[in-house]
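# Survey of secondary and tertiary structure
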Amino acid sequence: MTTVTCKEAGGWAVLDQALQAARPGDVVRVGAGVFTGDTALRVPDGVRLEGAAGAVLIHHGHGPAVELRGVTGASVADLRIESRATGVPWRVLPEDPPILERWTDDYRRPSEWGLVWVDGAEDIAIERLVLAGPGAAETWLGGITARNARKVMLRSCEVAGFGGSAISFVSCTESAVHDCDASRAAYGIVLFRSAAAPGPCEVAIEGNRCHDNAHSGIVLLSSEAEALAGNECWGNGGNGIAL
């Protein structure tokens, strides 16, 4: 197992290179300082991306800043990630072409990706992240999204300031979100079923705080909360919990 610490002087490119070179069991540590980029940092199988004290990622791109796609046993922890994106187009997935006309037959389909994106992955841990969105105007950008994944564990994350949902699970199973703070987004925590993978979500939602969102605090759409307990919802524009 190897730990590689990336210094601020190397910028986003050094982080990307370190992740590409990492092997299962390795740790890529973001050193103190500000790292700015517009591409996705892709975390490989069995690799941990973590931040030192004072590490900040600032992302200007229209896609995810951190991506865990098709991997097993990867983790992300102890980072502050800020989106400065503007004009994010409506896409169901980040690689899709923009949907230029809103009023189509599928206009109600939300985006299935976020600033931190887990897709088709298994045994993923996301801990102690602080995510700051670009504001309510960027309707199609969410915070943390897990899609078609299994055993995704979110713990002690703070997600605020997104025009999309703060935290979304899309057709995930055996997953959980614990002790997270979701605020000032369209919705706090949302579980829903993907059109591409019609199985319901099965996620435990416990001990979270969902507040000051434009709509509901916690939303379950065609989904099953394995446990729904100890959550606090206040100051939301809609329901505290909507089923």
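See the structure above.
Scope of this entry: the structure provided in the associated data block. Quick caveat, the model's predicted, so the values are computed rather than measured. (Residues numbered from 1 in each chain as written. Predicted model: local features only at pLDDT ≥ 70, side-chain atom pairs only at ≥ 80, totals over all residues. Heavy atoms only, no water.)

## Some points on the overall build of the protein chain
Scanning the protein chain for helices and strands turns up 1 helix and 25 strands. Here the C-alpha radius of gyration of the protein chain, 17 Å, is about what a compact globule of 243 residues would show, namely 18 Å. Residues classed as buried in the protein chain amount to 52% of the 243 residues present. In the protein chain, once contacts between residues fewer than 6 apart in sequence are set aside, the share between residues at least 24 apart is 60%. Approximately 10,100 Å² of the protein chain is accessible, and the part contributed by carbon and sulfur atoms is 50%. On the protein chain, the mean spot of the 20 positive side-chain charges and the mean spot of the 30 negative ones are 2 Å from each other. (Helix = DSSP H or I, 4+ residues; strand = E, 2+ residues; numbered from the N terminus. Rg over C-alpha atoms; globule rule 2.2 N^0.38 Å. Buried < 20%, exposed > 50% of the residue type's maximum accessible area, 1.4 Å probe, protein only. Contact = heavy atoms within 4.5 Å. Areas by Shrake-Rupley, 256 points an atom, 1.4 Å probe, with all protein chains shown as cover. Lys, Arg positive; Asp, Glu negative; His and termini not counted. Charge placed at Lys NZ, Arg CZ, Asp CG, Glu CD.)

## Some details on the packing of aromatic side chains
Within this structure, the stated rule accounts for 1 aromatic pair. Relative to W140, the ring of W90 lies with its centre 4.9 Å away and its plane at 15 degrees, an arrangement referred to as stacked. Highlighted residues: W90 in the loop between β9 (80–83) and β10 (114–119) and W140 in the loop between β12 (130–135) and β13 (142–147), separated in sequence by 50 residues. By relative accessible area, W90 is classed as buried at 4%. (Phe/Tyr/Trp six-rings, centres within 6.5 Å; stacked < 30°, edge-to-face > 60°.)

## Concerning the sheet that holds strand β21 (residues 209–211)
The 8 strands lie next to each other as β3-β6-β9-β12-β15-β18-β21-β24, forming an open sheet whose pairing is parallel. Each edge of the open sheet is held by one strand with a lone partner, namely β3 (33–37) and β24 (232–234). Taking each pair of neighbouring strands and ignoring which way they run, the sheet shows an average axis angle of 10 degrees. Two elements, strand β15 (residues 158–162) and strand β18 (residues 181–183), share 3 bridges in a ladder whose sense is parallel. Bridge pairing links E158 to D181 in β18. (Pairing = 2+ DSSP bridges. Axes fitted to C-alpha atoms, helices over the stretch in contact; angles between N-to-C directions.)

## With respect to the side chain of E112
Relative to the helices and strands, E112 is located in the loop between β9 and β10. If we skip the residues at most four places from it in the chain, E112 touches V92, L93, W117, T145, R147, V170, F192, S194 and A195.

## So, the side chain of N231
Inspection of the secondary structure puts N231 in the loop between β23 (224–229) and β24. Polar contacts involving the side chain of N231 include one to the main-chain carbonyl oxygen of I205, which spans 2.9 Å. Ignoring sequence-local partners within four residues, the contact set of N231 consists of I205, E206, G207, N208 and I218. (Polar contact = N/O pair within 3.5 Å; in protein donor to acceptor, adjacent residues only side chain to side chain.)

## Observations regarding the sheet that holds strand β25 (residues 241–242)
Strand pairing in a sheet relies on backbone hydrogen bonds. The paired strands run either parallel or antiparallel. With respect to topology, 8 strands assemble into an open sheet ordered β4-β7-β10-β13-β16-β19-β22-β25, the strand pairing being parallel. Strand pairing shows two members of the sheet lacking a second neighbour, β4 (41–42) and β25, which therefore form its edges. Here 4 bridges tie strand β16 (residues 167–170) to strand β19 (residues 189–192), and the two strands are oriented parallel to one another. Looking at β19, one finds that F169 is bridged to L191.

## A short note on the pairing of β15
Along a regular strand, successive side chains alternate from one face of the sheet to the other. With 4 of its 5 residues buried, β15 lies for the most part within the structure. Summarising the sheet, β12 and β15 pair through 4 bridges and their orientation is parallel. Bridge pairing links A132 to A160 in β15.

## A word on the environment of G51
Its place among the elements puts G51 in strand β5 (residues 48–51). Sequence-wise, G51 and R29 are 22 residues apart; in three dimensions their C-alpha atoms are separated by 5.4 Å. In this structure G51 touches V30, A77, D78 and L79, once residues within four positions along its chain are discounted.

## Topic: the pattern of salt bridges
Taken as a whole, this structure holds 14 salt bridges when the rule is applied. The salt bridge partner of R150 is E122, with a shortest N-O separation of 2.2 Å. Here the residue R150 occupies a position in strand β14 (residues 150–155), and E122 occupies one in strand β11 (residues 122–127), the gap between them amounting to 28 residues. Taking relative accessible area as the criterion, R150 reaches 28% and is therefore assigned partly exposed. Among the residues examined, E122 registers a relative accessible area of 27% and is labelled partly exposed. With a shortest N-O distance of 3.4 Å, R209 and D181 are connected by a salt bridge. With R209 in strand β21 and D181 in strand β18, this residue pair connects regions lying 28 residues apart in the sequence. Put simply, R69, E95, E112, D119 and R147 are held in one network by salt bridges that share partners. (Salt bridge = Lys/Arg side-chain N within 4 Å of Asp/Glu carboxyl O.)

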